[in-house]
Amino acid sequence: MQYRSTRANLNYQLDAPAAIIQGLSPEGGLFVPTTFPKPIFDLEQFKNMSYQEMAKKVLATFFDDFSDDQLSQIVDEAYGNQWDDKEIVKIAKHANNYYLELFHGPTLAFKDIALQILPRLMHTAIKIKQNDSDIIILTATSGDTGGAAMSGFKGQEHTHVIVFYPYGGVSPVQLRQMLGLKGDNLTAIAIKGNFDDAQTNVKKIFNNQALVKKLKLNKLQFSSANSMNIGRLVPQIVYYFYSYVQLVKNGEITTGQKINFSVPTGNFGDILAGYYAKKLGLPIHKLICASDQNNVLTDFFKTGTYDRQRKFYLTNSPAMDILVSSNLERLLFDLYDEDSNKLAQLMNELSTKGKYTVSPVVKEKLDQLFAAGFATENEVEDEINRIFIADQYTLDPHTAVASFVTKKYQETSLDQTPTVIVSTASPYKFPETVFHALTGKEVKEKGVPAIKELNSFLQEDLSGNVHNLIQTGNYQEQIIKASEMENTLLNILDI
Ligand SMILES: *Cc1c(COP(=O)(O)O)cnc(C)c1O
């Protein structure tokens, strides 16, 4: 299958291994299939499949330049015993909604689902393309991508991961995961600025042609592990199908019945995978886009204007503290019937004027497909408390955003469609907020002590991956200005 850029015409095409290695298109666009696949997925047949088998099926649909054996090996290695649950994802019913737990991987957040796959895809892609350059994975993170990327790429030959995160903008546990992970090919650096500063500069570095040339002379090449990489997006489609099929198997719904998914959203990668699942035939009624106080997407879905010129908040759901949701571009590309000129124009408006407005036709399509809402930090804590009291079930703050938005949506819209809340992190990843929400008290000490304090309050067994987290070593932060990112990079690479 061939891939093209959302911002360039069809003359520029490449295959999946090349698109995965490159990450981003040179003019700043994102890679999408030239022809979106129309496979016949038989949901009845899916009922007998393991998560791994379903993953192979979905990956083969998008990445047919990889052999079945290659994909098989990639999936089996990615979804092996580094997961606390051998089913990989779990679904649980609480307070009349379903919670799809995607956080049983090595870094306790849903990003592991894709970031255990991507490094292995990239490694194989390098072989397929007989690429003789080493790959520099340059990543901006609001907290969870960094750790998950470092965990996934650790020890992968011919790759080096360099992560930039906002200083003070990630949680103590996320920090520990990133800086506690030791590996020759792993680096994490704090910048003075927010996630958008990190992401904007990473995009600039990617598009700096002089720098790209210099790398090439040194047999080096950039790629991205952000959800802009198509190799990260596709593995996320799988859990939409898998959870649907589990609900059928458990007798909660019947095959063909429509359901909603409510998704705690930051960069729009997770929810876009849900949209792709719908395009592939999964019976989805509404995708509910849940945001935190950084509610640029809520306003966008309400008004049709995306306006990033607003105050930026650091909230208790840090992985969603984002004002520019990159993957929205892929959705708009689709809703504008693959008009790359239009997308180039809109994205140019976003970078020069700080905003754009979609056409009435596109707005209408958005209304059909999506609902949207946001939760404040207090609402997040109240929701964690509400679900715990209702059902002794503990949500992390990101999942609580989606849970709150779902409740509000169900009350105001009277939509009774069964709804799956995509649960993106373990509560132990954000113990300070969760402990405060449950007890009204602050933890005595942040980070690992807070995990233990939360655990002794909840009185439950800790999973293996939470145990591993507690045991990581000490760390020190390296802090630079956002303007120094490029020079720092050159220093690390020694060129
Ligand atoms: C990254 C992340 C999100 C947001 O996902 P996007 O794909 O960026 O929209 C939500 N919750 C958690 C815990 C995350 O790590």
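Residues numbered from 1 in each chain as written. Predicted model: local features only at pLDDT ≥ 70, side-chain atom pairs only at ≥ 80, totals over all residues. Heavy atoms only, no water.

Asker: Please clarify how the overall build of the protein should be interpreted in this entry.
Answerer: Tallying secondary structure elements over the protein gives 22 helices and 16 strands in all. A compact globule built from 495 residues should have a C-alpha radius of gyration of about 23 Å, and the protein, at 21 Å, falls within 12% of that. Each of the three principal axes of the protein carries a C-alpha extent, and together these read 60 × 50 × 50 Å. Burial status across the protein gives 62% buried among its 495 residues. (Helix = DSSP H or I, 4+ residues; strand = E, 2+ residues; numbered from the N terminus. Rg over C-alpha atoms; globule rule 2.2 N^0.38 Å. Buried < 20%, exposed > 50% of the residue type's maximum accessible area, 1.4 Å probe, protein only.)

Asker: Looking at this model, I keep getting lost on the environment of Gln2. Mind explaining?
Answerer: Inspection of the secondary structure assignment puts Gln2 in strand 1 (residues 2-5). Take Gln2: its relative accessible area is 32%, and that puts it in the partly exposed class. Considering only alpha carbons, one finds Gln2 and Ile479, 477 residues apart in sequence, at a separation of 40 Å. The residues touching Gln2, leaving out its near neighbours within four places in the chain, are Gln13, Leu14, Asp15, Val32, Pro33 and Thr34. (Contact = heavy atoms within 4.5 Å.)

Asker: Can you walk me through the site of the ligand in this structure?
Answerer: Residues in close proximity to the ligand total 15 residues, the closest being Lys111, Asp144, Gly266, Asn267 and Thr424. Interatomic distance of 2.7 Å between a backbone N/O atom of Asn267 and an oxygen atom of the ligand. With respect to the ligand, the backbone of Asp270 contributes an N or O atom lying 2.9 Å from an oxygen atom. When the ligand sits alone it has 380 Å² of accessible area, and the protein chains cover 98% of it. Among the residues forming the shell around the ligand, the class breakdown is 6 nonpolar, 6 polar and 3 charged. (Near = heavy atom within 4 Å. Polar contact = N/O pair within 3.5 Å; in protein donor to acceptor, adjacent residues only side chain to side chain. Areas by Shrake-Rupley, 256 points an atom, 1.4 Å probe, with all protein chains shown as cover. Nonpolar A, V, L, I, M, F, W, Y, C, P; charged D, E, K, R; others polar.)

Asker: Is there a simple way to think about the packing of helix 9 (residues 195-206) against helix 22 (residues 485-493) in this case?
Answerer: Two quantities define a packed helix pair, namely the angle between the axes and the distance from one axis to the other. Relative orientation of the contacting elements helix 9 and helix 22 amounts to 60 degrees, with a least axis distance of 10 Å. When the interaxial angle is binned, helix 9 and helix 22 end up oblique. You can see that helix 9 and helix 22 cross each other, and the crossing is right-handed. Counted together, Ala198, Asn201, Val202 and Ile205 of helix 9 and Met485, Glu486 and Leu489 of helix 22 form the full contact between these two elements. A per-class count over the contact of helix 9 with helix 22 returns 5 nonpolar, 1 polar and 1 charged. (Axes fitted to C-alpha atoms, helices over the stretch in contact; angles between N-to-C directions. Parallel < 35°, antiparallel > 145°, perpendicular 65-115°, else oblique. Left-handed = near helix turned anticlockwise from the far one by under 90°.)

Asker: How should the nonpolar core be read in this particular structure?
Answerer: The nonpolar side chains of soluble globular proteins are, as a tendency, buried together. Within the largest apolar cluster, 115 residues are counted, with the highest numbers of intra-cluster contacts made by Phe63 and Leu332. Looking at which element gives the most residues to this core, the answer is helix 11 (residues 230-249), with 13 residues. Residues in contact with Leu332, not counting those within four places in the same chain, are Phe300, Leu343, Leu346, Met347, Tyr356, Val358 and Val362. Counting 36 residues, the second largest nonpolar core, distinct from the first, contains Ile384, Ala437, Val448 and Val466. (Core = buried A, V, L, I, M, F, W, Y, C linked by side-chain atoms within 4.5 Å.)

Asker: What is the right way to read the pattern of salt bridges from this model?
Answerer: For the coordinates displayed, the defined rule picks out 16 salt bridges. Here Glu453 ties to Lys444 by a salt bridge, and the two come within 3.5 Å at their closest N and O atoms. A relative accessible area of 15% places Glu453 in the buried class. Looking at Lys444, the relative accessible area reads 75%, which means it is exposed. (Salt bridge = Lys/Arg side-chain N within 4 Å of Asp/Glu carboxyl O.)

Asker: Would you mind showing me how to read the sheet that holds strand 16 (residues 479-481) here?
Answerer: Hydrogen bonding along the main chain pairs the strands of a sheet, whether they run parallel or antiparallel. Read from one edge of the open sheet, 5 strands run 9-6-7-8-16, paired in parallel fashion. In this open sheet, the two strands that pair with only one neighbour each are strand 9 (220-223) and strand 16. Geometrically, the sheet is characterised by an average inter-axis angle of 30 degrees between neighbouring strands, direction not taken into account. Sheet analysis places strand 6 (residues 134-140) next to strand 9, joined by 4 bridges and oriented parallel. The partner of Ile137 across the bridge, within strand 9, is Ser223. Contacts from helix 7 (residues 144-153) reach strand 6, strand 7 (159-166) and strand 8 (186-192), with the element oriented near 165 degrees to strand 7. (Pairing = 2+ DSSP bridges.)

Asker: Looking at this structure, how should I read the sheet that holds strand 10 (residues 259-264)?
Answerer: The 6 strands are arranged 4-5-15-10-11-14 in an open sheet whose pairing can be described as mixed. Every other strand in the sheet has two partners, leaving strand 4 (90-94) and strand 14 (370-374) as the edge strands with one partner each. Within this sheet the neighbouring strands show an average axis-to-axis angle of 25 degrees, counted without direction. As defined by bridge partners, strand 10 adjoins strand 11 (residues 284-291) across 5 bridges and the pair is classed as parallel. Bridge pairing in strand 11 links Phe261 to Leu287. Lying on the sheet, helix 13 (residues 296-303) is in contact with strand 11 and strand 14; it crosses strand 14 at an angle near 140 degrees.

Asker: What should I look at first to understand the packing of aromatic side chains in this one?
Answerer: Ring pairs (aromatic) are described by centroid distance and by the angle formed between their planes. In total, this model carries 23 aromatic pairs according to the counting rule given. Where Tyr51 meets Tyr242, the ring centres are 5.0 Å apart and the plane angle is 75 degrees; that geometry is what we call edge-to-face. Of the two residues, Tyr51 sits in helix 3 (residues 51-62) while Tyr242 sits in helix 11, which places them 191 residues apart along the sequence. Ring geometry for Phe388 and Phe457: centres 6.2 Å apart, planes at 40 degrees, overall tilted. (Phe/Tyr/Trp six-rings, centres within 6.5 Å; stacked < 30°, edge-to-face > 60°.)

Asker: What is the right way to look at the UniProt feature "modified residue: N6-(pyridoxal phosphate)lysine" (unreviewed entry) in the protein in this model?
Answerer: When the UniProt feature table is mapped onto this chain numbering, "modified residue: N6-(pyridoxal phosphate)lysine" (unreviewed entry) sits at Lys111. Mapped onto the elements, Lys111 comes out in helix 5 (residues 111-115). (UniProt positions renumbered as here; feature names shortened; annotations may be inferred.)

Asker: Looking at this structure, I do not really get the UniProt feature "domain: Threonine synthase N-terminal" (unreviewed entry) in the protein. What am I missing?
Answerer: Sequence positions flagged by UniProt for "domain: Threonine synthase N-terminal" (unreviewed entry) are, in local numbering, residues 2-79. Structurally, residues 2-79 is divided into 44% helix and 13% strand, and its ends, taken at the C-alpha atoms, are 27 Å apart.

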